[in-house]
Amino acid sequence: MAAATVLSSPSTFTSVVTLFGVGVLVTEFLMLRAHLLRSQVRLYMVQSFLVAAVALVTGIEQGNSGLYVVSVLSFIIKVVIVPMVILRLMSVDSADLSQSAIMKLPSMLYIALVTAACGFFIGVSFRTASVIGRGTAASGNAVSVDIAIVLVAFILIVLRRDVISQVAGFFSLENGVTLFSVSVARNMPFITEVATFFDLLVAAVVFGLLMRLHHMKTRTLSTHVLDRLKG
Amino acid sequence: MSGRPGWCFAVNLSTYAVQLIQVMTVLLLAPLLSGAIARFEARLQGRRGPRVLQPYYDLWKLFTKETLRPNGSSTLFIAGPVVAFCCYLIVPMLIPVLTSFPLPLGYMGDILGGGFILGLGGFAVALSAADTQSPYAQLGSSRAMSFGALGEPIVLFVVFSVGVITRTDLPYAMAATIRLSGSAMLAPAHVLAAIAFFLVVLSETGRIPVETHSGTLELGMIDEARAFEHSGPAMALLTWGSAMKQMILYTILINVFVAPWGLASSTSAMAVLLAVLSLLGKALVLGCVFAGVDDSFAKLRLFKITEYLAGSFLIAVLALLVYLVGVG
């Protein structure tokens, strides 16, 4: 009874949604240090699972059935299909990515932390804007976390010179945008949400093929060798 | 009253007596906790394992032996284990071990003060090891201080997080905040601070991924190497102190961050006894979690430990950050 009361209180919903959002951010930090293709993909799975959980919890809080569908689709496509497609297309699942970082891990983490802090503070100023200001506390908090997620995804893409991490960064960025849409633009047309998911599926196949092609041609997953067009 | 069975449980103890029981709980139950964890760990590895009471027999054996001092060592060699042991006796007075309300001596120091006293204990042991002039003990001493210096900021940020969440530096207040509100337990700042502290406890108790606490390879040792040259009662104090430090850290993690329930809300003997049993139960569950972590991961190479600590630091900073920007 007490547990049900706690779970039904709005502040608990806000805490859970924000906690999952912060969890997504933490998985991005872990992606910065992932050394294997398989661990990078697993982290993406965990991250996508958290995004699906945010959609589900927000759906329960708002009584919005569209968000249930978003949650289920998010789980099926991002947690099951996309990782499977990437792992199937890349036969080198134990590839070592540890040399792809352009600087030492602690430095990367601190840069990512400062970037996340910038995202948080940008989110705080966003929260005062009229559109978001009318939202719930959960959406207000989520804006800060979502902006931080998007910015740290860029950092992941910039600081890792292997195709797997860059694709994982791109997909993380997409997760950040999905979280943003779930928490702020809940009334986005459903067909737009579904179209985004199927775009992601196409992107996974295309990226998977590109990664495979790159690996077949260069025998490495590093993008460092792609310097033919360099001046 | 005195004619009825169980009358002694209805007796109200003085707060100073409860304070003493708090210290005695950590002092006497710490070896039991170590023994139970060692037994569980052995079972996880498919071994029969030592008896749960084995640490008490080991302590008894060590106390009955003589203390040998290496040539050239000074009184620091003997003073180190004694100072460390005293430090580990002081900390249980400052933290919520058995009661949900602060006891008189609990105001002697805040959570930061408790951290400093624990640090002083570690420093005394390291100094004692450095005084042995043995290369392995000095190696352990140097490593423990180096990694300890990296671990300090994490503890500081966890403390700051606790401070800004509760607007006080008393660990009792943090526990009360969590007990009063279920959503406070799920607040991102609190969860992140708890995770950071969990990682610090793994590191401070010499557990994988930082150290193999049961390993015998000297070159991979950190904390374990510091006790190499000690023997007899001094070694017993070090072993006992190490078990007490483990129990203190578990108590802080449980009674301040994760599960501050089951604490005595009055000074009645029954409530205190139940709090002792509750603490032991919770500490055993947490010990099993640590043993599970120990058996599930590989030890990090020495130069990778900085990455582990950097990750913990990042989580601790993130905890403070999400709270300060109003996210958690």
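Residues numbered from 1 in each chain as written. Chains lettered and ligands numbered in written order. Predicted model: local features only at pLDDT ≥ 70, side-chain atom pairs only at ≥ 80, totals over all residues. Heavy atoms only, no water.

**A word on the overall build of chain B**
Phase 1: Within chain B, the secondary structure is distributed over eleven helices and zero strands.
Phase 2: The secondary structure elements of chain B, listed N-terminal to C-terminal, are α-α-α-α-α-α-α-α-α-α-α.
Phase 3: Every one of the 328 residues in chain B was classed for burial, and the buried ones make up 51%.
Phase 4: Long-range pairs, those at least 24 residues apart, make up 80% of the contacts in chain B with a sequence separation of at least 6. (Helix = DSSP H or I, 4+ residues; strand = E, 2+ residues; numbered from the N terminus. Buried < 20%, exposed > 50% of the residue type's maximum accessible area, 1.4 Å probe, protein only. Contact = heavy atoms within 4.5 Å.)

**Some details on the overall build of chain A**
Phase 1: On a plain count of helices and strands, chain A comes out with nine helices and zero strands.
Phase 2: For chain A, the accessible area works out to roughly 10800 Å², and carbon and sulfur atoms hold 70% of it. (Areas by Shrake-Rupley, 256 points an atom, 1.4 Å probe, with all protein chains shown as cover.)

**Description of the interface of chain A and chain B**
Phase 1: Tallying the contact residues gives 26 residues for chain A and 20 residues for chain B.
Phase 2: Here chain A packs against chain B, burying approximately 1900 Å² in sum over the two surfaces, 80% of which is carbon and sulfur.
Phase 3: Among the residues chain A hides against chain B, the three largest losses belong to Leu19, Leu113 and Phe120 of chain A. Together they make up 26% of the total.
Phase 4: For the interface between chain A and chain B, the tally reads zero salt bridges. (Buried area = accessible area lost by both parts, 1.4 Å probe. Salt bridge = Lys/Arg side-chain N within 4 Å of Asp/Glu carboxyl O.)

**A look at the environment of threonine 212 of chain B**
All names here are of chain B.
Phase 1: Here threonine 212 lies in the loop between helix 8 (188-204) and helix 9 (232-258).
Phase 2: A relative accessible area of 29% means that threonine 212 is categorised as partly exposed.
Phase 3: A C-alpha to C-alpha distance of 9.2 Å links threonine 212 and alanine 298, two positions 86 residues apart in sequence.
Phase 4: If near-sequence neighbours (up to four positions away) are discounted, threonine 212 is found in contact with Gly206 and Lys299.

**Re the nonpolar core**
Soluble globular proteins: nonpolar side chains tend toward being buried together.
Phase 1: Membership of the largest hydrophobic core comes to 138 residues, with the highest contact counts inside it found for Leu25, Phe29, Phe120 and Phe171 of chain A together with Phe257 and Leu318 of chain B.
Phase 2: For this core, the leading source of residues is helix 9 of chain B, giving 15 residues. (Core = buried A, V, L, I, M, F, W, Y, C linked by side-chain atoms within 4.5 Å.)

**Let's talk about the pattern of salt bridges**
Phase 1: For the structure shown, the criterion picks out four salt bridges over all chains.
Phase 2: The partner of lysine 78 of chain A in a salt bridge is glutamate 174 of chain A, and the shortest N-O contact between them spans 3.1 Å. Here the residue lysine 78 of chain A occupies a position in helix 4 (residues 65-89), and glutamate 174 of chain A occupies one in helix 8 (residues 163-183), the gap between them amounting to 96 residues.
Phase 3: Here glutamate 307 of chain B ties to lysine 304 of chain B by a salt bridge, and the two come within 3.5 Å at their closest N and O atoms.

**Considering a nonpolar patch on the surface**
All names here are of chain B.
Phase 1: A surface patch of nonpolar side chains, about 470 Å² in accessible area, is lined by Leu76, Val83, Leu120, Phe123, Leu127 and Met145.
Phase 2: Within the residue set of the nonpolar patch, elements represented by two or more residues are helix 3 (76-94) and helix 4 (111-130).
Phase 3: Per-element accounting of the nonpolar patch gives the leading share, three residues, to helix 4.
Phase 4: By secondary structure assignment, the location of phenylalanine 123 is in helix 4.
Phase 5: We classify phenylalanine 123 as partly exposed; its relative accessible area is 41%. (Patch = residues over 30% accessible without salt bridge, like charges linked within 9 Å, V, L, I, M, F, W, Y side chains within 5 Å.)

**Here's the deal with helix 8 of chain B**
Residues and elements named next belong to chain B.
Phase 1: Over its 17 residues, helix 8 runs 24 Å from end to end, which matches the ideal 24 Å to within 8%, given 1.5 Å per residue.
Phase 2: In terms of burial, helix 8 is largely enclosed, as 13 of its 17 residues are buried.
Phase 3: Glycine 206 sits one or two positions beyond helix 8 and adopts a positive phi of about 65°. (Expected span 1.5 Å × (residues − 1).)

**A short note on the environment of glutamine 166 of chain A**
Residue and element names in this part refer to chain A.
Phase 1: For glutamine 166, the position within the fold is in helix 8.
Phase 2: Note on glutamine 166: relative accessible area 24%, which makes it partly exposed.
Phase 3: Between the C-alpha atom of glutamine 166 and that of leucine 156, which follows or precedes it by ten residues, the distance is 6.8 Å.

**Quick look at the confidence of the model for chain A**
Phase 1: Per-residue confidence for chain A gives a mean pLDDT of 79; residues scoring 70 or more make up 83%.
Phase 2: Residue range residues 1-10 of chain A is modelled with pLDDT below 50. Its contacts to residues more than four positions away, or to other chains, number five contacts. (pLDDT = per-residue confidence, 0-100.)

**Some words on the packing of helix 1 (residues 15-44) of chain B against helix 3 of chain B**
Residue and element names in this part refer to chain B.
Phase 1: At a minimum axis separation of 8 Å, helix 1 and helix 3 run at an interaxial angle of 130°. The angle between helix 1 and helix 3 places the two elements in the oblique class. Note that helix 1 runs across helix 3; the crossing there is right-handed. On helix 3, the residues that touch Gln19, Gln22, Val23, Val26 and Leu27 of helix 1 are Phe85, Leu89, Pro92 and Met93.
Phase 2: Looking at the contact of helix 1 with helix 3 residue by residue, the class counts come to seven nonpolar, two polar and no charged. (Axes fitted to C-alpha atoms, helices over the stretch in contact; angles between N-to-C directions. Parallel < 35°, antiparallel > 145°, perpendicular 65-115°, else oblique. Left-handed = near helix turned anticlockwise from the far one by under 90°. Nonpolar A, V, L, I, M, F, W, Y, C, P; charged D, E, K, R; others polar.)

**Description of helix 3 (residues 37-62) of chain A**
Phase 1: Counted at 1.5 Å a residue, the expected span for helix 3 of chain A with its 26 residues is 38 Å, and the 37 Å between its end C-alpha atoms agrees.
Phase 2: Downstream of helix 3 of chain A by a residue or two, glycine 63 of chain A has a phi angle that is positive, lying close to 65°.

**So, the state of the cysteines**
Here is the idea: a disulfide is a covalent bond, and it sits between the sulfur atoms of two cysteines.
Phase 1: If you walk through the whole model with that rule in mind, you get zero disulfides over all chains.
Phase 2: Summary of cysteine pairing: cysteine 86 of chain B is not part of a disulfide, and the nearest cysteine sulfur, belonging to cysteine 87 of chain B, is at 7.0 Å. (Disulfide = S-S within 2.5 Å.)

**Topic: the packing of helix 8 of chain B against helix 9 of chain B**
All names here are of chain B.
Phase 1: At their nearest, the axes of helix 8 and helix 9 sit 10 Å apart, and the two run at 170° to each other. By the angle between their axes, helix 8 is roughly antiparallel relative to helix 9. Residues His190, Ala193, Ala194, Phe197, Phe198, Val201 and Glu204 of helix 8 pack against Lys245, Leu249, Tyr250, Ile252, Leu253 and Phe257 of helix 9.
Phase 2: Its residues assigned to classes, the contact of helix 8 with helix 9 comprises ten nonpolar, one polar and two charged.

**Section: the environment of proline 50 of chain B**
Residues and elements named next belong to chain B.
Phase 1: Positionally, proline 50 belongs in the loop between helix 1 and helix 2 (54-63).
Phase 2: You can call proline 50 partly exposed: its relative accessible area is 32%.
Phase 3: For the pair proline 50 and alanine 36, spaced 14 residues apart in the sequence, the C-alpha separation amounts to 9.0 Å.
Phase 4: Aside from chain neighbours lying at most four places away, what touches proline 50 is Ala38, Arg39 and Ala42.

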